[in-house]
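Chain by chain, the residues run as shown.
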Amino acid sequence: MSYTFQIKTLGCPVNQQEGRGLAEAMIRAGFIETTGSADVYIVNSCVVTRAAAAEARRLAAKARRENPEALVVLAGCYPQVYREEIAEKLPGVDLITGTAGRAKLPALISRRLAGEPVERLLVTPHGPDETFEELPVVEHYGRTRPVIKIQEGCDEVCTYCIVRVARGLPRSLAPEKVLARVRRFVEQGYREVILAGTHLGTYGKDIPGWNLARLIREINRLPGDFRLRLDYVEPMDVNLELLEAMAAPSRVCPFLYLPLQSGSDRVLQRMGRRYTAGDYARLVLTARELIPGLSLWTDLIAGFPGEREEDHRQTLQFVEGLALSHLHVFPYSPRPGTAAATFPDQVAPDVKKKRVDELRALDRELSLRFHRQQVGKQVQVLVEKIKNGQGEGFSEHYARVRFPATDPEMKGRLIPVQVTAARQWGVEGQIPR
């Protein structure tokens, strides 16, 4: 008998890639993927914020309502960190597994469906000798920009973050496997490949002689017409060697996602971040000198415990002065088990919301400013869709680009577009004649 399954994935690009790999493993085990009512529901969860954990619970409850007879599985970061809480408070979940051992999940599900006894709580704590766990390679990604997860784990001690518990210590996918996967995607016709990890900049820390810069140099030597994009890289992992590897001549897009979190040194210290605002500013200056036209994105946490109005103002002024391209703003979300959750000076919700709103307003200004700088330039757009006489995709700077187009064969190709107008959401342009 063939069983159907449905998988819902929350969170970061790493989670999204793992969700695709898990779906591939299910298909190879004989299951049939569906978007309708299913025999098996898998929620591949995130735990970075309370909202993400709440959404995982909501999806698990929704699955039970859609098919009361289905097998409901909660997997990923949320159960890895809070397994006892989930086991007690979510009786409607049949199997609970974390971020280790997911490759075995299809076999365990098959056994459970066959009536064999399978332990409900399958979460294995991460250990110091753990190796990089591989899920099946997705041969046909179904998107214009496939993601390759090349790194897992973190050894930082940021006081607000639970990722170290959720993902374990840093470990890397063997470089020959990374190169083989990039080569395979390029052979399939993909024109952009994204490298991702939970702490991408530590790639190679567990492989003698390797780091992210060397990996980029090796990818640059591969044949084919494609470009490479890096997911976010922590500031403490960016050095001159990495920036030089990203700089021309290179396949790497002029795009750097560099999480700042706060522009106040006092708050950065309380967060456990191993840099100052000055360090970050110098890094941005060096990156821009080496990589002309660089697009710089960042993460910011508003309302961190103990953040004063003065700290918030420093962040606004600092970020505006750096003229970053995009701000991804999060309200501080206390995660049980982190040091910051126990800090006594939590910021009031209304104050936190006001600061989030101000930072997001600044983001709109900075985004428009960056997009105005693109007017008159020619960019390379990876076309993601053609609809109603309009093409849409992303430039090498990760700016959304819209332009007149009717040819459906453009999808998935790199197309030159002359930018004619700037908007807050991106830019408009024309294909050069």
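Structural notes, computed from the coordinates. (Residues numbered from 1 in each chain as written. Predicted model: local features only at pLDDT ≥ 70, side-chain atom pairs only at ≥ 80, totals over all residues. Heavy atoms only, no water.)

With respect to the overall build of the protein
Okay, step 1: In terms of helices and strands, the protein carries 12 helices and 17 strands.
Okay, step 2: Compactness check: the protein gives a C-alpha radius of gyration of 22 Å against a globular reference of 22 Å for 433 residues, within 12% of the reference.
Okay, step 3: Seen through its principal axes, the protein has C-alpha atoms that stretch 65 × 55 × 50 Å.
Okay, step 4: Within the span of the protein, comprising 433 residues, buried residues form 53% of the whole.
Okay, step 5: Here the analysis covers contacts within the protein between residues at least 6 apart in sequence; of these, 73% occur between residues at least 24 apart.
Okay, step 6: Distance from the positive charge centre (60 side chains) to the negative charge centre (53 side chains) of the protein: 3 Å. (Helix = DSSP H or I, 4+ residues; strand = E, 2+ residues; numbered from the N terminus. Rg over C-alpha atoms; globule rule 2.2 N^0.38 Å. Buried < 20%, exposed > 50% of the residue type's maximum accessible area, 1.4 Å probe, protein only. Contact = heavy atoms within 4.5 Å. Lys, Arg positive; Asp, Glu negative; His and termini not counted. Charge placed at Lys NZ, Arg CZ, Asp CG, Glu CD.)

Remarks on unusual backbone geometry
Okay, step 1: Notably, Gln261 is not glycine yet its phi reads approximately 80 degrees, a positive angle.
Okay, step 2: With respect to the helices, strands and loops of the structure, Gln261 is situated in the loop between strand S10 (255-257) and helix H9 (265-271).
Okay, step 3: Residue classification places Gln261 among the buried positions, given a relative accessible area of 7%.
Okay, step 4: Of note in this structure, Asn388 is not a glycine but carries a positive phi near 50 degrees.
Okay, step 5: Tracing the chain through its elements places Asn388 in the loop between strand S13 (378-387) and strand S14 (390-394).

Considerations on the sheet that holds S14
Okay, step 1: Pairing in this closed barrel of 5 strands is mixed, and the strands run S13-S14-S15-S17-S16 around the ring. On average, adjacent strands in this sheet sit at an angle of 50 degrees to one another, irrespective of strand direction.
Okay, step 2: The sheet contact formed by S13 and S14 spans 5 bridges and is antiparallel. Following the sheet pairing, Lys385 is matched in S14 by Glu392. (Pairing = 2+ DSSP bridges. Axes fitted to C-alpha atoms, helices over the stretch in contact; angles between N-to-C directions.)

A short note on the packing of helix H11 (residues 309-322) against helix H12 (residues 349-374)
Okay, step 1: Remark: H11 packs on H12, axes separated minimally by 11 Å, with the N-to-C direction vectors making an angle of 5 degrees. For the element pair H11 / H12, the angle class is roughly parallel. Across from Glu309, His312, Arg313, Thr315, Leu316, Val319 and Glu320 in H11, the residues of H12 making contact are Lys354, Arg355, Glu358, Leu359, Leu362, Glu365, Leu366 and Arg369.
Okay, step 2: Per-class residue counts for the contact of H11 with H12 are 5 nonpolar, 2 polar and 8 charged. (Parallel < 35°, antiparallel > 145°, perpendicular 65-115°, else oblique. Nonpolar A, V, L, I, M, F, W, Y, C, P; charged D, E, K, R; others polar.)

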